[in-house]
Amino acid sequence: MAAAATNAVSVEERGGSRLSAAALIGPATFIVAAGLLIPIVILFRYSLNKFVPRLMMVDALTIESYVKFFTDAFYLGVFFTTVKVAMICTIACLVLGFPLAYALARTRTRYKNILIMLVVLPLFVGNAVRAAGWMTLFGSKGMINAGLVGFGLVDVPVQMMFTEGAVIVGIIAVNLPFMVLTLQSVIESIDRAVEEAAFSLGADPWHMFWRVLWPLALPGIVAGIILTFILGMNAYATPVLLGGPEFKMMAPLVFGQMQLGNWPFGAAVSFILMTTTLVLTAIAGYRLQKRYRR
């Protein structure tokens, strides 16, 4: 009887704690969901309106903005350029960030917190300021070209600004700390004894990484990939400043259409950008998790 009463009390306590938790997080969850979903619904509704130059936007139910986007070679080129740049930057951030994250996670120096702060420090500077810094390096009279000309390696300055390469370098510099911090927190939770056991069983560093460390760090890898890919797809300041007017990505395209008053087309481009980002990140996460389960 006593055991049954104790079980009943524990069940009631768990039920009460769940209700209390729901009551605490319910209002915040509702506010956040409303703040996200309502603008998305409004954005989608705007994308179905009709653009009239003098009237800007007329209420309608038409998909002509989406048809215009997917039938125009220019806009499709902007779309594929955005996806390509985001993928390249994500892969580069993973390749560059994993060794640094592993070193931060495994270091035992008393200056570890300072090293982590050095990784976090660039996040205190805005993207536009960092892009301006890259402009001083990539410009025709910048430090890199001045060095190349000064050492006689080239006769005329190399065109670095307003290129796809400059945009990729700038986005990698912006996104890399996010990848490093995400991976570092996950790798730090992996027991060192697992790696030592792999080495004691005859595994070389590559097999230990691929068969032991990679699967255990996969949740952090997936989170880092999703985060950096989303940031790469939605980059605005870096493509505008380092890519120039000739290099187009989706986020600057949205802003340009809104400036021109073409809200339906700008909303359609925004919705396409958001949907593509969500679909590609979901597919990448699913495939990586499926590979991990195998």
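Above this text you will find the structure in question.
Residues numbered from 1 in each chain as written. Predicted model: local features only at pLDDT ≥ 70, side-chain atom pairs only at ≥ 80, totals over all residues. Heavy atoms only, no water.

Novice: Help me understand the overall build of the chain, please; the structure alone is not making it clear to me.
Specialist: Across its full length, the chain carries 12 helices and zero strands. Mapped from its N terminus to its C terminus, the chain presents α and β elements in the order α-α-α-α-α-α-α-α-α-α-α-α. Since a compact globule built from 294 residues should have a radius of gyration of about 19 Å, the 25 Å found for the chain marks it as more spread out than a globular shape. Counting across all 294 residues of the chain, residues that qualify as buried make up 35%. (Helix = DSSP H or I, 4+ residues; strand = E, 2+ residues; numbered from the N terminus. Rg over C-alpha atoms; globule rule 2.2 N^0.38 Å. Buried < 20%, exposed > 50% of the residue type's maximum accessible area, 1.4 Å probe, protein only.)

Novice: What exactly am I supposed to notice about the environment of Phe-247 here?
Specialist: Note on placement: Phe-247 falls in the loop between α10 (237-243) and α11 (250-259). For the pair formed by Phe-247 and Thr-281, sequence separation is 34 residues and the distance between their alpha carbons is 24 Å. Contact partners of Phe-247, with chain neighbours within four places excluded, come to Thr-81, Val-85, Glu-164 and Val-167. (Contact = heavy atoms within 4.5 Å.)

Novice: Help me understand the packing of helix α8 (residues 192-200) against helix α9 (residues 205-233) in this model?
Specialist: A packed helix pair is summarised by two numbers, namely the angle formed by the two axes and the spacing between the axes. Where α8 meets α9, the closest approach of the two axes is 10 Å, and the angle between their N-to-C directions is 145 degrees. Classified by chirality, the crossing of α9 by α8 is right-handed. Residues Val-194, Glu-195, Ala-198 and Phe-199 of α8 lie in contact with α9, whose contacting residues are Pro-205, Met-208, Val-212, Leu-213 and Leu-216. Of the residues in the contact of α8 with α9, the class split is eight nonpolar, no polar and one charged. (Axes fitted to C-alpha atoms, helices over the stretch in contact; angles between N-to-C directions. Left-handed = near helix turned anticlockwise from the far one by under 90°. Nonpolar A, V, L, I, M, F, W, Y, C, P; charged D, E, K, R; others polar.)

Novice: Would you take a moment to explain the environment of Leu-121 for this structure?
Specialist: Position of Leu-121 among the secondary structure elements: in the loop between α4 (112-120) and α5 (127-138). Judged by its relative accessible area of 47%, Leu-121 falls in the partly exposed class. Sequence spacing of Leu-121 and Gly-224 is 103 residues, and the spatial spacing of their C-alpha atoms is 18 Å.

Novice: Would you explain the side chain of Thr-277 in this entry?
Specialist: In this fold, Thr-277 is placed in helix α12 (residues 263-293). Ignoring any residue separated from it by four or fewer positions in sequence, one finds Thr-277 in contact with Phe-229, Ile-230, Met-233 and Asn-234.

Novice: Mind showing me how you'd approach the side chain of Thr-228 here?
Specialist: Residue position: Thr-228 is located in helix α9. In terms of polar contacts, Thr-228 uses its side chain to reach the backbone carbonyl oxygen of Gly-224, at 2.7 Å. The contacts of Thr-228, once residues within four sequence positions are left out, are Thr-90, Cys-93, Asn-175 and Met-179. (Polar contact = N/O pair within 3.5 Å; in protein donor to acceptor, adjacent residues only side chain to side chain.)

Novice: Can you help me understand the nonpolar core in this one?
Specialist: A general tendency of soluble globular proteins is for nonpolar side chains to be buried together. Ranked by size, the top nonpolar core spans 42 residues in total, and within it Val-85, Leu-94, Phe-98, Ile-171, Leu-183, Ile-187 and Ile-221 carry the most contacts. Broken down by secondary-structure element, the contributors of at least two residues to this core are α3 (73-106), α4, α5, α7 (164-188) and α9. The element contributing the most residues to this core is α9, with 10 residues. Residues within four places of Leu-94 in sequence aside, it is in contact with Met-179, Leu-183, Trp-214, Ile-221 and Ile-225. Core analysis: the second largest hydrophobic core is formed by 19 residues, Leu-48, Ala-86, Val-269 and Phe-271 among them. (Core = buried A, V, L, I, M, F, W, Y, C linked by side-chain atoms within 4.5 Å.)

Novice: Before we go on, may I ask you to explain the packing of aromatic side chains in this structure?
Specialist: Ring pairs (aromatic) are described by centroid distance and by the angle formed between their planes. Enumeration according to the criterion identifies 17 aromatic pairs in this entry. Centre to centre, the rings of Phe-69 and Phe-265 are 6.5 Å apart; their planes meet at 45 degrees, and the pair counts as tilted. In this pair, Phe-69 sits in helix α2 (residues 64-71) while Phe-265 sits in helix α12, placing the two residues 196 residues apart along the sequence. Accessibility classification places Phe-69 together with Phe-265 in one group, the buried group. An aromatic cluster is defined as three or more aromatic residues linked by ring pairs; in this entry it consists of Phe-69, Phe-70, Phe-74, Tyr-75, Phe-79, Phe-80 and Phe-265. Lying across the ring of Phe-265, Lys-68 places its NZ or CZ 4.5 Å from the centre. (Phe/Tyr/Trp six-rings, centres within 6.5 Å; stacked < 30°, edge-to-face > 60°. Lys NZ or Arg CZ within 6 Å of the ring centre and 35° of its normal.)

Remember, this is a structural readout, not a statement about activity or role.
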